[in-house]
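Structure at a glance
Each chain is listed here by its residues.
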Amino acid sequence: MNVKSRARLGAALAVAALGLGAAFAPAAQADPSPVTQYRTLAGVGSDTTQDVLNGLGNVVTNAFGQKIIASWDATGTATVKTKATGCVINRPNGSSAGIDALRNAVDTNSGCLDFARSSRGPADASTTDLTWIPFAKDAVSWVKRSDSALPSDLTAAQLKAIYECTTTSLGGVALTPILPQSNSGTRQFFLASIGVTTPGTCVQQGVQENDGTVLDTAGDIAPYSVAQYTAQEKAVVTDRRGAAVLGSVGTVAARNADKTLNLAFPFTRDVYNVVPTPKLTNATIASTFVGSTSKVCAAGTTIANYGFGTLGANCGTTTLKGER
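Residues numbered from 1 in each chain as written. Predicted model: local features only at pLDDT ≥ 70, side-chain atom pairs only at ≥ 80, totals over all residues. Heavy atoms only, no water.

For the rest of this paragraph, the subject is the nonpolar core. Grouped together as the largest cluster of nonpolar side chains are 28 residues, with contacts concentrated most on Val52, Leu56, Ile69, Phe135, Phe289 and Phe308. Setting aside residues up to four positions removed in sequence, Leu56 forms contacts with Phe135, Val296, Ala299, Thr302 and Ile303. Counting 26 residues, the second-largest nonpolar core is a separate cluster that includes Leu159, Val196, Val249 and Phe267. (Core = buried A, V, L, I, M, F, W, Y, C linked by side-chain atoms within 4.5 Å. Buried < 20%, exposed > 50% of the residue type's maximum accessible area, 1.4 Å probe, protein only. Contact = heavy atoms within 4.5 Å.)

It is worth spelling out the pairing of strand β15 (residues 268-276) at this point. Counting buried positions over the nine residues of β15 gives seven, a clear majority of the element. Here strand β5 (residues 115-118) runs beside β15; their pairing, made up of three bridges, is antiparallel. Bridge pairing links Ala116 to Val274 in β15. For strand β6 (residues 130-145) and β15, the ladder comprises nine bridges, and the chain directions are antiparallel. Paired with Pro134 across the two strands is Tyr272, which belongs to β15. (Helix = DSSP H or I, 4+ residues; strand = E, 2+ residues; numbered from the N terminus. Pairing = 2+ DSSP bridges.)

Looking at the element boundaries, Ser118 is found in strand β5. Here the alpha-carbon distance between Ser118 and Val290, two residues 172 residues apart in the chain, equals 16 Å. With near-sequence residues (within four places) excluded, Ser118 lies in contact with Ser46, Ser95, Ile99, Trp132, Val271, Tyr272 and Val274. A distance of 2.7 Å separates a polar side-chain atom of Ser118 from the backbone oxygen of Arg120. (Polar contact = N/O pair within 3.5 Å; in protein donor to acceptor, adjacent residues only side chain to side chain.)

What follows concerns helix α5 (residues 185-194). With respect to burial, α5 is a largely interior element, seven of its 10 residues being buried. Listing the buried residues of α5 in full gives Gly185, Thr186, Arg187, Phe189, Phe190, Leu191 and Ile194. Put simply, Ser184 is the residue that caps the front of α5, since its side-chain oxygen is 3.2 Å from the backbone nitrogen of Thr186. Of the residues one or two after α5, Gly195 is the one with positive phi, at around 80°.

Turning our eyes to something else, we now look at unusual backbone geometry. Not every positive phi belongs to a glycine, and Cys165 is a case in point at roughly 70°. Of note, Cys165 is situated in the loop between α4 (156-163) and β8 (169-170). Of note in the backbone geometry, Asn210 takes a positive phi value of approximately 55° without being a glycine. Mapped onto the elements of the fold, Asn210 is located in the loop between β11 (204-207) and β12 (220-225).

We now examine the packing of aromatic side chains. Centre-to-centre distance and the angle between the planes together describe a pair of aromatic rings. Taken as a whole and assessed by the stated rule, the structure comprises four aromatic pairs. Ring centres 5.2 Å apart and planes at 80° place the aromatic pair Tyr163 and Phe190 in the edge-to-face group. Placement of the pair is Tyr163 in helix α4 and Phe190 in helix α5, with a sequence separation of 27 residues. Neither residue differs from the other here; Tyr163 and Phe190 are each classed as buried. Pairing Tyr224 with Tyr229 gives two aromatic rings, centres 5.6 Å apart and planes at 80°, and the pair type is edge-to-face. When its relative accessible area of 5% is taken as the criterion, Tyr229 is described as buried. Here the guanidinium or amino end of Arg241 rests over the ring plane of Tyr229, the centre of that ring lying 5.2 Å away. A cation sits over an aromatic face here: Arg269 above Phe189, 5.5 Å from the ring centre. (Phe/Tyr/Trp six-rings, centres within 6.5 Å; stacked < 30°, edge-to-face > 60°. Lys NZ or Arg CZ within 6 Å of the ring centre and 35° of its normal.)

Written out as structure tokens, the structure is:
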């Protein structure tokens, strides 16, 4: 099955899962509800952190008990309306698309977006226009099908060879390495972690990240957010794992025995909310995102419930700037 067929299949199954699971899925799992509920801070971007931000959106409130955060999922309707007046924008899918949309909102002074979700750091740290504020810890591992004869452990060097297409089979199984769409922060982090600059021509590209249903043959492997895998396994969010099981890297498992994030795993990362640097002094943005006692950082139970690790004193720092 080619990548376009995989993407269509994944989308169809996701829609079906949403329909079948509507009665069971938590309310924090989708766009703000009702969609006409325009909260103070509107954000878009990363698939990996969309669900935890929806969860935080349900628990982070102002002094009047009103919800502050409106976070729009990476996929869904083609457009979203983020504010009561105007502000109908194309739905950004992925970290880079969310950052681009935030940058456009700043450049046009539209006021349509206040933050972007990102599972990667800045691409250009020579500028200071945007600030990456970390709020949780994640890891990216790789998945295969549970019924595959592929090994359950691969080294970073093996993954590099697979994604550069110099290794095309293992244990007699023909490999099909798969990557998410180009705006995915998970894609960018995974490739950087295994030392791949340009994926080989054998790589199937363009699927939606963190969706194990696209693995339909024994040789398929793909990167996967460990936090997303855990949240899907716990049914905190829609389970898109299909037959996918997490692999280890260099004999190190991505999770501990209790299925919490293993901080010794080699491919761990911070995840971020990105805001315009001049807005750091905005009272609502500061109280929501900035500092270890901010409302988001104080919601450690919610963050952990979605499979992420908490950052303690490192949560809410504002030293990481860049990308314009």
